[in-house]
2 protein chains.
Amino acid sequence: MNCPIQLTSHIIGDKWILLILRELFLGNTKFDEFERNLAISKSVLTTKLKLLVEFKLIIKTDYKEEKKRTRSKYQLSKIGSELLFIMGAVMEWGNTNLVNKEETYLKIIDKSDTPVKLVFANQDNDILALDDLSFELS
Amino acid sequence: MNCPIQLTSHIIGDKWILLILRELFLGNTKFDEFERNLAISKSVLTTKLKLLVEFKLIIKTDYKEEKKRTRSKYQLSKIGSELLFIMGAVMEWGNTNLVNKEETYLKIIDKSDTPVKLVFANQDNDILALDDLSFELS
DNA sequence: CTGTATCCTCTTGGATACTG
DNA sequence: CAGTATCCAAGAGGATACAG
């Protein structure tokens, strides 16, 4: 099958992967940060991080600060960063339909601290209505 | 946790759910269409469809054509249709990074049959660059 | 056609202990 | 700190048979 959804589902069709990606987009980079923030077991975290490296969504780097031991950090690759559209869409849907707006929640903002939204556009950057869209196999 | 990604991951963090949603967006509605197109076992398909109904993403309707037995169909609800942004983002990423463009593949088009893209915009509908965006918890 | 029920296997994931 | 190794329990998913 040459279906983009089928192929991509092998990566993001996984709760842990989505949550690790959230951490990466939030700027976290270290094994123990993921472990603490996600309450995930070491073994699963190891497995998922390896998967993300295999898929080339993240890059693992060893680094060493003066007088300290060597440590590892994980960062989004180029194509990993492009998952921002998926994460943004997931956040928007979750915020609209599942999140309790009385409490704090996560959103995407621009440089003037204003919340942004996702829209469909054509090549001329005209914004399109949902009713005008359809799936096509070609 | 009041995190939109965490909450939504319980729904779309699942390969089968993503593929069933693809079928629904393609306009398929019947149990055996899903079964054939996805090569999924009956028991799993039953379970996932129930889940989608529980989450109110789809609506199950029984209908009866003249001289025929009663049948069931499944259709996206209002909030289910809003998953189009997630599906669109998944398709775009998959098409860019995983799909073989020599073969046929799936995309979203507008009324003039032109492929569309997803963009981030502010409230004034100005399109934003990725570098201008950041996650915020508030 | 649209399921349900049963069985059986393989995988996922948590807990714990250990290592450089 | 960043894992690896081992073990165990629970769940996911396929196959098959059956039912309205």
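Since the model is a prediction, treat every value here as computed from it, not as a measurement. (Residues numbered from 1 in each chain as written. Chains lettered and ligands numbered in written order. Predicted model: local features only at pLDDT ≥ 70, side-chain atom pairs only at ≥ 80, totals over all residues. Heavy atoms only, no water.)

Caption draft 1: Up close: the packing of aromatic side chains. With the rule as written, the count across this model stands at six aromatic pairs over all chains. Between Phe 25 of chain A and Phe 135 of chain B, the ring centres sit 5.6 Å apart and the planes meet at 5 degrees, which makes this aromatic pair stacked. With Phe 25 of chain A in helix α2 (residues 15-25) and Phe 135 of chain B in strand β5 (residues 134-137), this pair bridges two chains. Using a relative accessible area of 16% as the deciding quantity, one classes Phe 25 of chain A as buried. On the basis of relative accessibility, which here comes to 15%, the residue Phe 135 of chain B falls in the buried class. With a centroid separation of 6.2 Å and 50 degrees between ring planes, the pair formed by Phe 34 of chain A and Tyr 74 of chain A is classed as tilted. Here Phe 34 of chain A is found in helix α3 (residues 31-38), whereas its partner Tyr 74 of chain A is found in strand β2 (residues 70-76), with 40 residues between them in sequence. (Phe/Tyr/Trp six-rings, centres within 6.5 Å; stacked < 30°, edge-to-face > 60°. Helix = DSSP H or I, 4+ residues; strand = E, 2+ residues; numbered from the N terminus. Buried < 20%, exposed > 50% of the residue type's maximum accessible area, 1.4 Å probe, protein only.)

Caption draft 2: Expanded view of the relation of the copies chain B and chain A. Of the transformation placing chain B onto chain A, the axial shift is 0.0 Å and the rotation is 180 degrees, giving an RMSD of 0.0 Å. Both chain copies can therefore be described as sitting about a two-fold axis. Across chain B, the smallest distance between a C-alpha and the rotation axis is recorded for Gly 13 of chain B, namely 2.1 Å. Taken as a fraction of all interface residues of chain B, those also at the interface in chain A reach 100%, which identifies the copy contact as same-surface. (Least-squares fit on C-alpha atoms with pLDDT ≥ 70 in both. Contact = heavy atoms within 4.5 Å.)

Caption draft 3: How the structure looks around the protein's contact with DNA strand C. By nearness alone, 16 residues border DNA strand C, and Val 44 of chain A together with Asp 32, Thr 46, Lys 60 and Tyr 74 of chain B come closest of all. Measuring from a phosphate oxygen of DNA strand C, one finds a side-chain N or O atom of Lys 50 of chain B at 3.0 Å. If you list the elements that add at least two residues to the surface near DNA strand C, you get α4 (42-54) of chain A together with α3 (31-38), α4 (42-54) and β2 (70-76) of chain B. When grouped by side-chain class, the residues that make up the surface near DNA strand C number four nonpolar, four polar and eight charged. (Near = heavy atom within 4 Å. Polar contact = N/O pair within 3.5 Å; in protein donor to acceptor, adjacent residues only side chain to side chain. Nonpolar A, V, L, I, M, F, W, Y, C, P; charged D, E, K, R; others polar.)

Caption draft 4: Region of the structure containing unusual backbone geometry. Residues and elements named next belong to chain A. A positive phi angle, near 50 degrees, is found at Ala 39, a position not held by glycine. For Ala 39, the position within the fold is in the loop between α3 and α4. Exposure remark for Ala 39: the relative accessible area of 67% places this residue in the exposed category.

Caption draft 5: Structural view of the interface of chain B and chain A. The partner chain A presents 70 residues to the 70 residues of chain B that form the contact. Where chain B packs against chain A, one counts two salt bridges. Put simply, Lys 111 of chain B and Asp 132 of chain A hold a salt bridge, and the shortest N to O gap is 3.4 Å. On the surface where chain B and chain A come into contact, there are 22 residue pairs in polar contact (both at pLDDT 80 or more). For the side of chain B that touches chain A, the secondary-structure elements that each account for two or more residues are α1 (4-12), α2 (15-25), α6 (84-97), β3 (106-109), β4 (117-121) and β5 of chain B. Top element by residues in the side of chain B that touches chain A is α6 of chain B. It accounts for twelve residues. Split by residue class, the side of chain B that touches chain A holds 40 nonpolar, 18 polar and twelve charged. Alignment of strand β3 (residues 106-109) of chain A against β5 of chain B, held across four bridges, turns out to be antiparallel. (Salt bridge = Lys/Arg side-chain N within 4 Å of Asp/Glu carboxyl O. Pairing = 2+ DSSP bridges.)

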